[in-house]
Amino acid sequence: MRLISMRERHILEKFKKGSDVSDVNEEMVLNRYAGIGFVQFGYDWDNMKETAKLTDSGIKHLNR
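These numbers come from a predicted model, not from an experiment.

Caption draft 1: Local environment of the sheet that holds strand β2 (residues 39–44). As summarised here, the arrangement of the 3 strands in space is β1-β3-β2, forming an open sheet in which the pairing is antiparallel. Looking along the sheet, the strands with just one partner apiece sit at the ends: β1 (19–20) and β2. As defined by bridge partners, β1 adjoins strand β3 (residues 49–54) across 2 bridges and the pair is classed as antiparallel. Paired with S19 across the strands is A52, a residue of β3. Of the strands in this sheet, β1, β2 and β3 are in contact with helix α2 (residues 24–34), which crosses β2 at around 130°.

Okay, here's the thing in structure tokens:
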């Protein structure tokens, strides 16, 4: 059984090094994995956008 689905994997790949959260589908996936410590959120004050980045444990599980 896979922990991360292919659709979720595609979304999470975008956030390995950090990126702006651009749509609701991304936000739903990111919130799910933030709950288990795989994603951390931030805010880009210059662009006034929410950001997200995978944690070290998130990257490890994504690379499995």
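Still more to cover.
Caption draft 2: Here's a closer look at the pairing of β2. Pairing geometry for β2 and β3, over 6 bridges, is antiparallel. Directly across from Q40, in β3, lies its bridge partner K53. The turn linking β2 back onto β3 is made up of 4 residues, and M48 within it adopts a positive phi angle of 55°.

Caption draft 3: View of unusual backbone geometry. For M48, which is not glycine, the phi dihedral falls at a positive 55°. One can find M48 in the loop between β2 and β3.

Reading the values: rules and limits
Residues numbered from 1 in each chain as written. Predicted model: local features only at pLDDT ≥ 70, side-chain atom pairs only at ≥ 80, totals over all residues. Heavy atoms only, no water. Pairing = 2+ DSSP bridges. Helix = DSSP H or I, 4+ residues; strand = E, 2+ residues; numbered from the N terminus. Contact = heavy atoms within 4.5 Å. Axes fitted to C-alpha atoms, helices over the stretch in contact; angles between N-to-C directions.

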